[in-house]
Amino acid sequence: SCMDTYVDSAAVNDNFDGDSEMTIDYSTLGTEITALMGCNLVSNLLPDGYAVESAHLKFTLTSTTFGSPTIGIWESRQNNWSAEDATWSSYDGANAWDTAGAKGVERGSLLDSVNIGSSYNEGDSVEWNVTLAVQNAMREERRVDFIAGMLGVGSGASRTAYFSTAEDSAANRPQLSFVYVPGSD
């Protein structure tokens, strides 16, 4: 099972779980909105002798983008955040992120980035390669967590993307898919 929400630097104590749209945004006014997604892989652990060959995270656009954003996906090292309680200030409603907005040590490797320019339209899917994070989660027998945010924050024009959330129809929800093969983890 997967969960998602987003956190907003302009509303540091607000939670947006349950929204039908997931926003990722950078504004030249200095505000930023970052998305969080996690999937519990413990119930999908691979049998001995199998390894993840590739993994992809797919979001569906709910509208055209503004400002041609480049969205990056980072592996999150904060594996106990709560979609119901996470805010810009706190990962679970009680404990602070290392750095507000999940921008400190909780932000692991940049896994992939995609420029979502004018060729993308409402209803299109955007896909990122998240193989390393899924391999790590499988190896460590834990859930996999992602931080989705704007690349180049602090420079350039304002830019925004809106995606479907887990609250949407099954066809439009964020999807994590992976291919596994015989091999070593």
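As shown above, the structure is provided for reference.
Procedures and definitions
- Residues numbered from 1 in each chain as written.
- Predicted model: local features only at pLDDT ≥ 70, side-chain atom pairs only at ≥ 80, totals over all residues.
- Heavy atoms only, no water.
- Pairing = 2+ DSSP bridges.
- Helix = DSSP H or I, 4+ residues; strand = E, 2+ residues; numbered from the N terminus.
- Axes fitted to C-alpha atoms, helices over the stretch in contact; angles between N-to-C directions.
- Contact = heavy atoms within 4.5 Å.
- Phe/Tyr/Trp six-rings, centres within 6.5 Å; stacked < 30°, edge-to-face > 60°.
- Buried < 20%, exposed > 50% of the residue type's maximum accessible area, 1.4 Å probe, protein only.
- Polar contact = N/O pair within 3.5 Å; in protein donor to acceptor, adjacent residues only side chain to side chain.

Q: Got a minute to help me understand the sheet that holds strand 4 (residues 50–60) in this structure?
A: Hydrogen bonds along the backbone pair up the strands of a sheet, which may run parallel or antiparallel. Taken in spatial order, the 3 strands line up as 7-4-10 in an open sheet, and their pairing is antiparallel. A strand with exactly one partner marks an edge of an open sheet, and here the two such strands are strand 7 (125–129) and strand 10 (175–182). Sheet twist, expressed as the mean angle between neighbouring strand axes with direction ignored, is 25 degrees. Pairing of strand 4 with strand 10, which is carried by 8 bridges, proceeds in the antiparallel orientation. Along strand 10, the bridge assignment pairs V52 with Y180.

Q: What's the story with the environment of T34 in this structure? I'm lost.
A: Following the sequence through the fold, T34 ends up in strand 3 (residues 32–39). In the structure, T34 is positioned 28 residues away from Y6 in sequence and 5.5 Å away in space, judged by C-alpha atoms. T34 has contacts with Y6, V7, W88, R107, I147, A148 and G149, leaving out every residue within four places of it along the chain.

Q: Help me understand the packing of aromatic side chains, please; the structure alone is not making it clear to me.
A: Counted under the stated rule, the structure contains 6 aromatic pairs. Measuring from centroid to centroid gives 5.8 Å for Y50 and Y180, while their planes differ by 80 degrees, and the two rings are edge-to-face. Of this pair, Y50 sits in strand 4 while Y180 sits in strand 10, placing them 130 residues apart in sequence. Judged by relative accessible area, Y180 falls into the partly exposed class, the value being 44%. Members of the aromatic cluster, connected to one another through ring pairs, are F59, W128 and F163.

Q: Whenever I open this one, the pairing of strand 4 confuses me. Can you help?
A: When a strand is regular, its side chains alternate between the sheet's two faces. Summarising the sheet, strand 4 and strand 7 pair through 5 bridges and their orientation is antiparallel. In the sheet register, L57 faces strand 7, and the bridge partner there is W128.

Q: So what exactly am I meant to see when it comes to the environment of N40 here?
A: Tracing the backbone through its elements, the reader meets N40 in the loop between strand 3 and strand 4. Given the relative accessible area of 33%, N40 is considered partly exposed. Measuring from C-alpha to C-alpha, the distance between N40 and M3 comes to 8.8 Å, with 37 residues separating the pair along the chain. Ignoring anything within four residues of it in the chain, the contact list for N40 reads S1 and R143. Engagement of the side chain of N40 in a polar contact is seen with the backbone nitrogen of V42, the distance being 2.9 Å.

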